[in-house]
Structure formats: structure tokens, C-alpha cells
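Notes for the structure review
For reference, the chains in residue letters:
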Amino acid sequence: MPYPKSIFVFLVLLIFCIPAAAQDTTPSSASGRLPDNLVVAWIEAGNLFARTGNAPSVQLIISGDALTPYLSPNGRQVAYLHGDTGLAAELSLVDLSGGKIHDLVTAKTLSADANDSLLMSQVAWLDDSNLYFNTAQNTSFGEDRHDDLWRVDAQTGEVAMLLPAGEGGAFSISPDRKWLAVTSAGTYNHEDAHLRLMNAETHKVQEILSFPAISTGSEYSFYPQIFWAADSSVFRVAIPDKDLIYDEVSSPPVVLWQVGIDGSSEKIGSISASFFGLPCWSDNGLHLAYLHRSGALADNQFDLFLAARNGDNPVKYASGKAGAIGFPTWIPKSAQFIFAQGEPGAYWLGDTASPPAPIDEPMFIPAILEDGQIVYVSGADSPSELRYMHLADNQPLSIAAVEHPFPAFDAVIAR
């Protein structure tokens, strides 16, 4: 029986691993000051705010319809999704220094007519001039993603469809910003999913893998997560059996793949992992983490395992019930990670060479930057704070007070 939508989303948010965004390093917060090149943008009551280093916060827009911010890598511009019905119908851009607003993508740009209105789904900056995005439609069953791919030039305003519906999909940009791994979800028991590689300069596309579309037990489509190596030469991806969510005991093992930017692909191993804890690689490719269901299905007990890149030599690292143990987020260029365990907001610092250690500061929706720097929300109630902390000194610093308990925000260490 399909899982209810709310349960599925709850489990995904708690347990699925989230790739960390690699940025340039900065000094720690031991001085009691925010890093001068830390830039944070957030939404409060539909309005857009930003703060750079220790300068005062500024309100960039007062439209009341802003939804999600996306900071450029240099921290000088912020694109944001907005829509007067609470749906991501348009994308605009504001310069942090001047405050002038530019409309990049409008509802009219994407939709041929009123009966075919498209919404923007995934959005990401390639560099300081170009953004990529894909689209979806809002239906009575949820979001129907079109598996397309678009590019918008923030300087000229040019909007171009690069891959039509069915040939694009969820995308992951390489650390050197030269490649995109693009995955279409297919249709369960009807159409295969596809993994493709695109050159960001030429837009040439290579077909890498096709595999049976994977069930999520809900109306949502499944897109495997991509884990790029720090040098951008390869990425790794875990492909489960299409029915893993229905039978985690006797389903075939999850297959581990490594893909090169030359278009090569190879199976590097396989492991028995839970659908709700599929493998995550560290960016040096040496370490792997995953969840394995332990005991009876009704117990909802999971073990967190660490293993070699190909799944060999697994070691149980931590255990907990669903909702009380989260999946690791690897800290870039390190063998450390953070994971949730215990009460909501309780995080632990893990290390492949040592036992986990509790982090004293409660954290919600943490975003990991380079060198163990974290921007997070301090509490699940209103009012709360956006805060910054460097794991090396464990000293929380306030960025801004927020009324919404889970504000949409973005953070970068500006290059």
C-alpha cells in the first residue's frame, strides 16, 4: 500500500542524506565575529533579507511573495522564486549592493497558455552569470515534474530550454562548474529512468545509464542522489531495486556506480541498505555511509553503517528508531560528518576514525559550508534565530532573528 504523502516527506527530510555545498575556506568564529565573506539570504513573511559578514542585515524586497533565495557564488546577487499564490511561478534577481530588481523568468516565459502553466522546481547557479532550473506542474496529486532542463543568463536575461521534457530532470553541478549530471525519473513499471552527463560549456549530452523507474510508495518520483568527487573527475551514485521500498529484507542489494566525465561507468560494489538511508559518499570517495533496517519491520529500528567506497568492511556506527536518527551530511574535504540523533535538533559530529561526539548547540535545517562551517536555525519554535558556527570551536553566533520557525535561507562563503 502506498505510503501517505506526509509520512513519506517526513521520512525523506529526516533520513535522506543531503550533499554539502563546498565553498572556499574562512577563519573560524573563535574571534566572536562572523566571517567577513559569509553571505546569508533568507525569507521572512514573503520578504527577502540578506546579511554580509558583520554588516547590518538589509531588507532587499518587500513584495510579500518571495519563496526561496539562491545566492550567487560570489555572494553579490540573490535570485529568488516568488508567486502571488504561494507557488514558484517566477524567478527574479536582486543585487545586494544596489537593490535593483530584475525579472529573469516569468510565468509567461514558461507557459504557452493559461491551461499549461509551469512552475519552477530545482534552481541552482552554475557560476556568477548563469542559473539552471527545471519545471513542474501543480496537480491534485502533488508536483508533476517535467524532467526538462533550462538555462537563464542573469546578465542578458536570455532564457533557453536545453533539454525538453523527459530528457532532462534533476541535476547536480560538478565542483569545478564544468559538468552536470542529469537524471530523469521515468515512470514506475512503464518507462525507464536515465542518467546523463552534460558539458556545461557546449551542452553536449552523453547517455550514461538507464535503469527501471523506482517506486517511492507515493506520488513522488525517485531521483538518485549524485556525489561528485572533489576534483570533479568522477561522480558516484547508488541505484536501488525498483521495489526496495516495499521489501527491504529480501530485495536485491543496492548497486554502487562510479561514472567518469569521459562517459565511462562501472559497478564498484553493492550493499544491503534501507530505501530511507541510501548510500552517501564523502567527496574524497574513500568513505560510504548508509542506513540498514535492523530487526522486525514494525520496530522501525535502523543502524548507521560506515564502509569503504565500494561497500566493503561495513562497521555499525550508531543506531536509532526512524525519526530519532538522521543520515550523515559529510563535511567537504574531510572524513567527518554530522547526523541527527535523539531529540529534535540534537546533532552529533561523526568521524570515520573516532566515535560520535554530541554538538552542544541544537540545530535545525543545517547547511554545511567549507571547513566545518554551518549556518542553521536555532529552534523549532517562533521566534528563533539564524546562526553560524564553526565546528572547530563550537561557538554559535547570531546572524538574524526570525519569526518563522523554518525560514527558507541560503548561505555562501563568497569567493
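Before going into details, it helps to say that this report is about the structure given with it. What you are looking at is a predicted structure, and each value in this text was computed from that prediction instead of being measured.

**Focus: the overall build of the chain**
Each helix and strand counted, the chain has 2 helices and 33 strands in total. Computed over the C-alpha atoms, the radius of gyration of the chain is 21 Å, within 12% of the 22 Å expected from 2.2 N^0.38 for a compact globule of 415 residues. Counting over 415 residues, the chain shows a buried share of 51%. In the structure as shown, the chain presents an accessible area of about 17,900 Å², 52% of it carried by carbon and sulfur atoms.

**Observations regarding the pairing of strand β6 (residues 90-95)**
As judged from the 6 bridges shared by strand β5 (residues 77-82) and β6, these two strands associate in the antiparallel manner. Residue pairing for β6: Tyr80 is matched across the bridge by Ser92. Of the strand pairs in this sheet, β6 and strand β7 (residues 101-105) are connected by 4 bridges, and their pairing is antiparallel. Its bridge partner being in β7, Leu91 is matched across the sheet by Val105. Hairpin connection between β6 and β7: a loop of 5 residues separates the two successive antiparallel strands, and Gly99 in this loop has a positive phi of roughly 80°.

**Topic: the pairing of strand β24 (residues 315-321)**
Both faces of the sheet carry side chains from a regular strand, because those side chains alternate between them. Pairing between strand β23 (residues 301-308) and β24: 6 bridges, direction antiparallel. Residue pairing in the sheet places Gln301 in a bridge with Lys321 of β24.

**A look at the pattern of salt bridges**
Two side chains bearing opposite charge may form a pair once their charged atoms approach each other closely. In total, this model carries 6 salt bridges according to the counting rule given. We note a salt bridge from Glu207 to Arg196, for which the minimum N-O separation is 3.2 Å. Here Glu207 is found in strand β16 (residues 205-211), whereas its partner Arg196 is found in strand β15 (residues 193-199), with 11 residues between them in sequence. By relative accessible area, Arg196 is classed as buried at 11%. Note that Arg387 and Glu361 form a salt bridge whose closest N and O atoms lie 2.3 Å from each other. One end of the pair, Arg387, is in strand β31 (residues 384-390); the other, Glu361, is in the loop between β28 (354-358) and β29 (364-368), and 26 residues separate them in sequence.

**Let's talk about the side chain of Thr183**
Residue position: Thr183 is located in strand β14 (residues 179-184). Excluding residues that lie within four positions of it along the chain, Thr183 makes contacts with Asp147, Gly168, Gly169, Ala170, His194, Leu195, Phe211, Tyr223, Pro224 and Ile226.

**Quick word on the nonpolar core**
Of all hydrophobic cores here, the largest spans 47 residues; its most connected members are Leu195, Phe235 and Leu304. The element contributing the most residues to this core is β23, with 5 residues. Apart from residues lying up to four places away in sequence, Phe235 is in contact with Ala181, Leu195, Leu197, Ile226, Phe227, Trp228, Ala229, Trp257, Gln258 and Val259.

**Topic: the sheet that holds strand β27 (residues 347-351)**
Ordered in space as β25-β26-β27-β28, the 4 strands form an open sheet in which the pairing is antiparallel. The sheet is open, and its two edges are formed by β25 (329-330) and β28, each paired on a single side. Across 3 bridges, the pairing between β27 and β28 is antiparallel. Bridge pairing in β28 links Leu349 to Ala357.

**Points about the layout of surface pockets**
Reported here for the second largest pocket is a volume of approximately 150 Å³. Around the second largest pocket, the lining residues are His82, Gly83, Asp84, Thr85, Leu87, Ala89, Glu90, Ala107, Ser117, Leu118, Leu119 and Asn138. When grouped by side-chain class, the residues that make up the lining of the second largest pocket number 5 nonpolar, 5 polar and 2 charged.

**A word on the sheet that holds β14**
The pairing of strands in a sheet comes from backbone hydrogen bonds and takes either a parallel or an antiparallel form. Read from one edge of the open sheet, 4 strands run β13-β14-β15-β16, paired in antiparallel fashion. A single partner strand is all that each edge strand has here, and the edge strands are β13 (170-173) and β16. With strand direction ignored, the average angle separating the axes of adjacent strands in the sheet is 20°. Sheet analysis places β14 next to β15, joined by 6 bridges and oriented antiparallel. Looking at β15, one finds that Ser184 is bridged to His194.

Conventions and cut-offs
Residues numbered from 1 in each chain as written. Predicted model: local features only at pLDDT ≥ 70, side-chain atom pairs only at ≥ 80, totals over all residues. Heavy atoms only, no water. Helix = DSSP H or I, 4+ residues; strand = E, 2+ residues; numbered from the N terminus. Rg over C-alpha atoms; globule rule 2.2 N^0.38 Å. Buried < 20%, exposed > 50% of the residue type's maximum accessible area, 1.4 Å probe, protein only. Areas by Shrake-Rupley, 256 points an atom, 1.4 Å probe, with all protein chains shown as cover. Pairing = 2+ DSSP bridges. Salt bridge = Lys/Arg side-chain N within 4 Å of Asp/Glu carboxyl O. Contact = heavy atoms within 4.5 Å. Core = buried A, V, L, I, M, F, W, Y, C linked by side-chain atoms within 4.5 Å. 1 Å grid on protein atoms, 1.4 Å probe; cavity = no way out; pocket = protein on both sides within 12 Å on 5 of 7 lines; lining within 4 Å. Points joined across faces, edges and corners; volume = space filled by probe spheres on them. Nonpolar A, V, L, I, M, F, W, Y, C, P; charged D, E, K, R; others polar. Axes fitted to C-alpha atoms, helices over the stretch in contact; angles between N-to-C directions.

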